[in-house]
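Spelled out from the first residue to the last, the chains are:
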Amino acid sequence: MRPTTRTVATATAPDGELTVTAGPLDLWHEVVGWTADEGWNPGNGDITRFHPTDPGGFFLGRRGDRTVSSLSIVNYSDDYAFLGYYLVAPELRGQGLGLATWRAAFPHAGARTVGLDAVPAQQATYRRAGFTPAHDTLRYTGRPTPGAAPSPDTHPVTAAHHDAIAAYDRRCFPADRRDFVTRWLTAPGHTARVHLRDGEVVGYGVLRPGHSGHRIGPLFADTPRTAEALFDALTAHLGPAEEVTLDIPEPHTPAHALATGRGLTAGSHTVRMYTGPVPPVAAAHTFGVTSLELG
């Protein structure tokens, strides 16, 4: 997919025109640094796995050779897109650069329903842009306490599992993201586990190193017991001082019970919002979302 280019001449900053383009991967590493500074705790190398999903959907606002703003709007299907990485360089905020970038990038989604995870302070802004709140997502962090003995039904993921895991993922996510799932399962540093029942996938999860500690996502499972077995398998090799982070949608009482039962504590939260109808998914299977940046 060839990246598109849009030029914006309406930014309110007094010192020059803003050019918005679909940015190549190598320019996005600076944006990842911004997310770390904001406390988002990105996974190491996440952008390398995210960007190929829709290279034309990763937009950068630039002045000359300098990146000053960003927004991704990733088209997953003909019906669904997800928005993330909406940022402006801290020292340039309040000049209209974010809105100008939004106006240039948002048409990339066409008529699709668009989802995003908003920080609470920006919820009203997104409402004015046509988004409606669906639920909160709580971030849990902590040093996981040991769980039950390893389940014989939980296995390291191999290539033989990829197709079945991608099919299972489609039940839990609003679009088919088979290529992304394969990249996610096989990325360097990622630990992936699958839970089987009578040879069928009934859950899977991935742990990856983050800017701080480790991130778990997704954690999809048919039952709380399966989710617990996957969580325990993913964290079994961690040292006692290592922390994990898990983002759990509300209301999902069994998922919150799993997190607190393994020693994690709720901290910040975001608000999942959509512009329109979302394809139905098995919401009860989501014990942890993949990422707040890409859904």
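Here, the structure is the one placed above.
Residue positions are counted from 1 within each chain, in the order its sequence is given. Reporting of local features is limited, given that this is a predicted model, to residues whose pLDDT is at least 70; pairs of side-chain atoms are given and counted only at 80 or more, and all residues count toward the totals for whole chains, interfaces and linings. Note that the side-chain values use all heavy atoms of the structure and ignore hydrogens as well as water.

Colleague: Would you mind going over the pairing of strand S4 (residues 66-75) with me for this structure?
Modeller: Most of S4 sits out of view: nine of its ten residues are buried. At least two DSSP bridges between two strands are needed for those strands to be called paired. Working definition: helices are DSSP H or I runs of at least four residues, strands are E runs of at least two. Numbering for both runs from the N terminus. Sheet topology note: the strand S3 (residues 58-63)/S4 ladder contains six bridges and is antiparallel. Residue Arg62 lies in a different strand from S4, and its bridge partner there is Thr67. Two successive antiparallel strands, S4 and strand S5 (residues 80-88), enclose a turn made up of four residues. Each residue gets one of three labels from its accessible area relative to the maximum for its type: buried under 20%, exposed over 50%, partly exposed in between, using a 1.4 Å probe on protein chains only.

Colleague: Help me understand the side chain of His256 in this model?
Modeller: Among the structural elements, His256 can be located in helix H8 (residues 253-261). A 3.5 Å cut-off defines polar contacts: any pair of N or O atoms within that distance qualifies, except that in protein one atom must be a possible hydrogen donor and the other a possible acceptor, and neighbouring residues in sequence count only when both atoms are side-chain atoms. Only 3.0 Å separates the side chain of His256 from the side chain of Tyr140, close enough to count as a polar contact. What makes two residues a contact is simply this: any of their non-hydrogen atoms within 4.5 Å. In contact with His256, not counting residues within four places along its chain, are Leu138, Tyr140, Ile248, Pro249 and Glu250.

Colleague: Looking at this model, I keep getting lost on helix H5 (residues 162-172). Mind explaining?
Modeller: Because the α-helix completes a turn every 3.6 residues, residues three or four places apart line up on one side. Those residues of H5 that sit buried are His162, Ile165, Ala166, Tyr168, Asp169 and Cys172. The arc enclosing the buried residues of H5, seen along the axis, measures out at 165 degrees, which places them on a common side. Packed against the buried residues of H5 are helix H6 (178-186), strand S9 (191-197), strand S10 (200-209), strand S11 (214-221) and strand S14 (286-288). Here the arc refers to the set of directions running from the helix axis out to each C-beta atom.

Colleague: Please clarify how the layout of surface pockets should be interpreted in this entry.
Modeller: Picture a little ball the size of a water molecule; that probe, rolled over the atoms, points out where space is still empty. Think of a 1 Å grid over just the protein atoms. A cavity is a set of points where a 1.4 Å probe fits yet cannot get out, a pocket is an open set with protein on both sides within 12 Å along at least five of seven lines, and lining residues have an atom within 4 Å of a point. Grid points are joined across faces, edges and corners, and a volume is the space filled by probe spheres set on the points. The space that makes up the largest pocket amounts to roughly 760 Å³. Top contributing element to the lining of the largest pocket by residue count: S5, with six residues. What lines the second largest pocket is a set of 23 residues, among which Ala148, Pro150, Ala229, Asp232 and Ala233 lie closest to the centre. Broken down by element, the lining of the second largest pocket gets its largest block of residues, seven residues, from helix H7 (residues 224-235). Residue polarity is assigned by list, with Asp, Glu, Lys and Arg as charged and Ala, Val, Leu, Ile, Met, Phe, Trp, Tyr, Cys and Pro as nonpolar; anything else, Gly included, falls into the polar class. When its residues are assigned to classes, the lining of the second largest pocket shows ten nonpolar, seven polar and six charged.

Colleague: Is there a simple way to think about unusual backbone geometry in this case?
Modeller: Leaving glycine out, the prevailing phi sign among residues is negative, and the prevailing peptide bond configuration is trans. Across the junction of Gly217 and Pro218, the peptide omega takes the value -5 degrees, indicating a cis bond. For Pro218, the location among the structural elements is in strand S11. A cis amide bond links Glu250 with the next residue in sequence, Pro251, at an omega value of -10 degrees. Relative to the helices and strands, Pro251 is located in the loop between strand S12 (244-249) and H8. Although it is not a glycine, Asn41 sits at a positive phi angle of roughly 55 degrees. Locating Asn41 in the fold gives a position in the loop between helix H1 (28-37) and helix H2 (46-50).

Colleague: Which parts of the structure should I look at to understand the environment of Arg103?
Modeller: Mapped onto the secondary structure, Arg103 falls in helix H3 (residues 97-105). What makes Arg103 exposed here is its relative accessible area of 56%. As a C-alpha pair, Arg103 and Val181 span 78 residues in sequence and 30 Å in three-dimensional space.

Colleague: Would you mind going over the packing of aromatic side chains with me for this structure?
Modeller: Stacked, tilted and edge-to-face are the three classes applied to pairs of Phe, Tyr and Trp rings, where Trp contributes its six-membered ring and a pair requires centres within 6.5 Å; stacked means planes under 30 degrees apart, edge-to-face means over 60, and tilted covers the rest. Counted by the stated rule, this structure contains 17 aromatic pairs. Aromatic pair Trp28 and Phe58: ring centres 5.2 Å apart, planes at 90 degrees, arrangement edge-to-face. Of this pair, Trp28 sits in helix H1 while Phe58 sits in strand S3, and the two are 30 residues apart along the sequence. For the pair formed by Trp28 and Phe58, the shared burial category is buried. Three or more aromatic residues link up through ring pairs in this structure, and these residues are Trp28, Phe50, Phe58, Tyr85, Phe180 and Trp184.

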